[in-house]
Amino acid sequence: MIKKLLFVTTLLFVVAFVAMAADVTGKWTYEQPGFQGGDPVAVTITLKQDGEKLTGSIPPMMGGRGGGGGGQAPAATEISNGKVDGNKVYFEAKRAGRNGAPDSITKYEGTIDGESMKLKITRPGRGGADPTTNEYTAKKTAS
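As the structure is a prediction and not an experimental result, all values here were calculated from the model.

S.K.: What should I look at first to understand the pattern of salt bridges in this one?
M.R.: If the charged atoms of two oppositely charged side chains come close together, the side chains can form a pair. Enumeration according to the criterion identifies one salt bridge in this entry. Note that Lys94 is salt-bridged to Asp103, the shortest N-O span being 3.7 Å.

Okay, structure coming up:
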């Protein structure tokens, strides 16, 4: 009898934990400082959760302004290595290097709290410099 009660209690805890796990599917927006102290730039990340797997995209650098050549805005970057663990998320964005430079990988780590995500973004340093890490608070937006 005690084994059955323990089993049922454990099962209820597992179900409650799964029900409480964050669903990160949607658009998340944060503001990052503008170039050389300019106005802040809103950045919207699109995420899609499937169990523990996380896919989605991030906008091109500088919010899609310039750099596309030929009048075309650069395309969004698909995320890779995305995973969800409870209220924690992790993913990477790989961007092709320009003019023979190696590709760069930006790492994103977040903690979900309702409609808010504390986001830590680590970008590779330029020209061999140390990586830089910035922290932002993203808000889940309606579609």
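Still more ground to cover, so stick around.
S.K.: Could you clarify how one ought to interpret unusual backbone geometry in this entry?
M.R.: Comment: phi is negative for the bulk of residues other than glycine, and the bulk of peptide bonds are trans. Here the phi dihedral of Gln36 falls at roughly 50°; this positive angle occurs in a residue that is not glycine. Relative to the helices and strands, Gln36 resides in the loop between β1 (26–32) and β2 (41–50).

S.K.: Explain the side chain of Ser116 here, please?
M.R.: In this fold, Ser116 is placed in strand β7 (residues 116–123). Given the relative accessible area of 17%, Ser116 is considered buried. Apart from the residues lying within four places of it in its own chain, the contact partners of Ser116 are Trp28, Thr111, Thr137, Ala138 and Lys139.

S.K.: Even after reading the chapter, I still don't get the packing of aromatic side chains, so can you show me in this structure?
M.R.: The geometry of an aromatic ring pair is captured by two quantities: the separation of the ring centres and the angle between the planes. Inspection of the entire model under this criterion finds two aromatic pairs. Measuring from ring centre to ring centre gives 4.6 Å for Phe91 and Tyr108, while their planes differ by 10°; the resulting arrangement is stacked. You can see Phe91 sitting in strand β5 (residues 88–95) and its partner Tyr108 sitting in strand β6 (residues 104–113), a full 17 residues away along the chain. Like Phe91, the residue Tyr108 is buried in the burial classification.

S.K.: Just to check I follow, could you spell out the environment of Thr46 for this structure?
M.R.: With respect to the secondary-structure elements, Thr46 resides in strand β2. Look at Thr46 and you get partly exposed, because its relative accessible area is 28%. A polar atom in the side chain of Thr46 sits 3.4 Å from the side chain of Lys27.

Calculation notes
Counting restarts for each chain, with residues numbered from 1 along the sequence as it is written. In keeping with the model being predicted, local features are shown solely for residues with a pLDDT of at least 70 and side-chain atom pairs are shown and tallied solely at 80 or more, while totals for entire chains, interfaces and linings include all residues. Excluded from the side-chain calculation are hydrogens and water; included are all heavy atoms of the structure. Salt bridges are defined as contacts in which a side-chain nitrogen from Lys or Arg sits within 4 Å of a carboxyl oxygen from Asp or Glu. By the criteria applied, helices consist of DSSP H or I runs no shorter than four residues and strands consist of E runs no shorter than two, each listed in order from the N terminus. Type-normalised accessible area, obtained with a 1.4 Å probe on protein chains alone, sets the label of each residue: buried when under 20%, exposed when over 50%, and partly exposed for intermediate values. Two residues form a contact once any of their heavy atoms are found within 4.5 Å. Ring pairs shown here join Phe, Tyr and Trp side chains whose ring centres sit within 6.5 Å, with only the six-membered ring taken for Trp; geometry is labelled stacked below 30 degrees between planes, edge-to-face above 60, and tilted in between. Nitrogen and oxygen atoms within 3.5 Å of one another constitute a polar contact, given that in protein one can donate a hydrogen and the other can accept it, and given that sequence-neighbouring residues count only through two side-chain atoms.

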